[in-house]
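Listed below are the residues making up each chain.
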Amino acid sequence: MAEQLGELVRTHTCGALRPDDVGAEVVLLGWVHRVRDLGGVLFVDVRDRAGVTQVVFDKDDETVLAKAKRLRSEFVIGVNGRVRRRSAETVNPKLATGDVEVLVRQLTILNEAKTPPFPVADETPVSEDIRLKYRYLDLRRPRLQNNMILRHRVAMIVRQFFDRHGFLEIETPILGKSTPEGARDYLVPSRVHPGEFYALPQSPQLFKQILMIAGMDRYVQIVKCFRDEDLRADRQPEFTQVDVEVSFAQPETIFGIIEPLMKDVFTAIGTEVPTPFRRMPYGEAMAKYGSDKPDLRPGMEIQDVRELFRESAFGVFKKIVGEGGTVRAFVVENAAGYSRSAVDGIVNQEKAQGRHLLWARRGEDGAITSSFPKAVGEETVRQLLDALGAGNSQLAFVVAGQPDVVSQTLGQLRLAIAKKDGLLDPNRFEFLWVVDFPLLEWDPEDKRYVAMHHPFTSPLDADIGKLGTEPGAARAKAYDLVLNGSEIGGGSIRIHDAAMQSRIFTLLNISEEEARNRFGFFLEALEYGTPPHGGIALGLDRIIAILANEGSIREVIAFPKTAAASDQMTNAPSPVDPKQLKELHLKL
């Protein structure tokens, strides 16, 4: 039977004791981490979120020792005792408390525990389903506890930063109007308005813009958002973002706020972030890296070498270039360890994906080999390697075709090779602003333009004239913050003019009636003196995952959903009582 806490008051956490505390009488409260029974002496590691302390039960107090022999992993206990130094041979340098231990004179067993379904004390591999079902046990593991502590510290840094810079944290509604544009909404039926629904916010986009209209000037919120979309390692149906909006802003205004914020955030892991961050137009990112969120760490920029083949004897490439296509390539700098069979394996993988990949290399002695047809000639291959700057022991991969397809193919291969060759150093942080995105993109299925970011993004001043002639060529005042190949933030300067907003809706094939039905409250607000404004939303979960060197945001969220958007612990979503459905005027 569990004992009561009674008069027990913790004097120290389990990570606090040091040699200066030797001789002190202390009370520790926590969980049994490990037990080592040496017969006449029992060693128990006691754990709380602050750390682990070794406590000792010895034969000098047989009553307490006998009671301690009942202890098992994850029992909750309290111990009173005296701090003493460990002997030199038993010091544990892996623990902050490893120079000392507590000789126990009183033990209180506050609660027993069943044998856990997986070890809490060790980071042994456990299936994710089991970990999420018993998340309360998983969260006791030091790695996840450290992740939660890191998340707290970053949130505090964020709030303190924005407070210093004159921002107001303002809460926006969770129950709002469904205005789907992109991902699907989660809908909430209204009991008092039969047949009508709220939507959980995909973002506070319109509310934060309305706050600028309301004169709040600088807004921030650490906010929950919801999107009913397919999940990946960096997505969850509910996620947290740092939402920011600023009146009278240009893109440089936002950059000048977010870059020093990132410097502050990275102090949480003791890392100095150099500023300013690099800027790169969207077109350049796609051409050089095959991605609008490029990872700059591995180098290996994709280069355009089409001019070498415009009049080439290699008819296939000559034809592609003549028809408006391109030839692009990148160089693997340290390719000495790539055997012919390894290179052929990479080529065959690409061929299995329907992509035709060629290669050329210089050996350690400068000899040239390639998979180009013999008719191309060694001199052309040599010119190709020279144009790419490929030296001895370096290897080039080459693809020809339509520009976007070519760069995406090489971009994916570039990252696969970087991962295989260990070029993605988790302790190196390469920030990048990707700018000048297309304002619109063509949806061939719906046969209409859709907003690349969202329909409230302003076009570049220089491209406003293109809206009437070639809207697909217009660029946006949009910007993404990219870190190590992950988009950790996205924002834009917004449309502040009602006439321009209506014009964009027309280009998006949103009728005036539909616009009024979906966005009428916002369009009306624009007519009451709207200042120019812009902002950004930073993905807090993604940022924490990078800081913690975790491959999935699930590892930095206390209670995440699975890849199937379910909660294994609470078994949500689940059926509800028919009475509830009736009250909501719903029928399945």
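Up top you'll find the structure we're talking about.
Now for a description of the structure that goes with this document. (Residues numbered from 1 in each chain as written. Predicted model: local features only at pLDDT ≥ 70, side-chain atom pairs only at ≥ 80, totals over all residues. Heavy atoms only, no water.)

## Description of the pairing of strand β18 (residues 440-443)
Thinking step 1. With four bridges connecting them, β18 and strand β19 (residues 448-451) associate as antiparallel partners. Counterpart to Trp442 in the pairing with β19 is Tyr449.
Thinking step 2. Between β18 and β19, which pair antiparallel and follow one another directly, the connecting turn spans four residues, one of which, Lys447, has a positive phi of 55°. (Pairing = 2+ DSSP bridges. Helix = DSSP H or I, 4+ residues; strand = E, 2+ residues; numbered from the N terminus.)

## Things to note about the environment of Ser247
Thinking step 1. Along the polypeptide, Ser247 turns up in strand β10 (residues 238-247).
Thinking step 2. In this structure the C-alpha to C-alpha distance between Ser247 and Pro532, which are 285 residues apart in sequence, comes to 6.0 Å.
Thinking step 3. Residues within four places of Ser247 in sequence aside, it is in contact with Met212, Asp217, Pro531, Pro532 and His533. (Contact = heavy atoms within 4.5 Å.)

## Regarding the pattern of salt bridges
Thinking step 1. This structure, assessed with the given rule, holds 49 salt bridges.
Thinking step 2. The residue Lys67 makes a salt bridge to Glu3 at a minimum N-O spacing of 2.8 Å. Here the residue Lys67 occupies a position in helix α1 (residues 62-68), and Glu3 occupies one in the segment before β1 (25-37), the gap between them amounting to 64 residues.
Thinking step 3. For Lys67, a relative accessible area of 23% corresponds to the partly exposed category.
Thinking step 4. The exposure class assigned to Glu3 is partly exposed, which follows from its relative accessible area of 30%. (Salt bridge = Lys/Arg side-chain N within 4 Å of Asp/Glu carboxyl O. Buried < 20%, exposed > 50% of the residue type's maximum accessible area, 1.4 Å probe, protein only.)

## Notes on the sheet that holds strand β15 (residues 368-370)
Thinking step 1. The five strands lie next to each other as β12-β13-β16-β14-β15, forming an open sheet whose pairing is antiparallel. Lying at the two open borders of the sheet, with one neighbouring strand each, are β12 (303-304) and β15.
Thinking step 2. Sheet topology note: the strand β14 (residues 358-362)/β15 ladder contains three bridges and is antiparallel. Within the sheet, the bridge partner assigned to Ala360 lies in β15 and is Ser370.
Thinking step 3. Seen against the sheet, helix α9 (residues 340-352) touches β14 and β16 (394-401) and runs at an angle of roughly 155° to β14. (Axes fitted to C-alpha atoms, helices over the stretch in contact; angles between N-to-C directions.)

## Focus: the packing of helix α4 (residues 142-164) against helix α6 (residues 251-266)
Thinking step 1. One way to put it is that α4 packs onto α6 with a least axis distance of 10 Å and a crossing angle of 140°. With respect to α6, the axis of α4 lies oblique. Considering only the axes of α4 and α6, their crossing is right-handed. Facing Val154, Ile157, Val158, Phe161, Phe162 and Arg164 of α4, the residues of α6 in contact are Ile257, Pro260, Leu261, Asp264 and Val265.
Thinking step 2. Of the residues in the contact of α4 with α6, the class split is nine nonpolar, no polar and two charged. (Parallel < 35°, antiparallel > 145°, perpendicular 65-115°, else oblique. Left-handed = near helix turned anticlockwise from the far one by under 90°. Nonpolar A, V, L, I, M, F, W, Y, C, P; charged D, E, K, R; others polar.)

## Considering the environment of Phe207
Thinking step 1. Tracing the chain through its elements places Phe207 in helix α5 (residues 205-213).
Thinking step 2. Measuring from C-alpha to C-alpha, the distance between Phe207 and Asn92 comes to 54 Å, with 115 residues separating the pair along the chain.
Thinking step 3. Those residues within four positions of Phe207 in sequence are excluded, and the remaining contacts are Thr172 and Pro173.

## A closer look at the nonpolar core
Thinking step 1. Formed by 44 residues in total, the largest nonpolar core has its most connected members in Phe162, Ile258, Met262, Val265 and Phe431.
Thinking step 2. Ranked by residue count, the leading element in this core is α6, at eight residues.
Thinking step 3. Ignoring any residue separated from it by four or fewer positions in sequence, one finds Phe162 in contact with Phe167, Val220, Val242, Val244, Ile257 and Leu261.
Thinking step 4. Counting 33 residues, the second largest nonpolar core, distinct from the first, contains Ile213, Phe437, Ala476 and Phe519. (Core = buried A, V, L, I, M, F, W, Y, C linked by side-chain atoms within 4.5 Å.)

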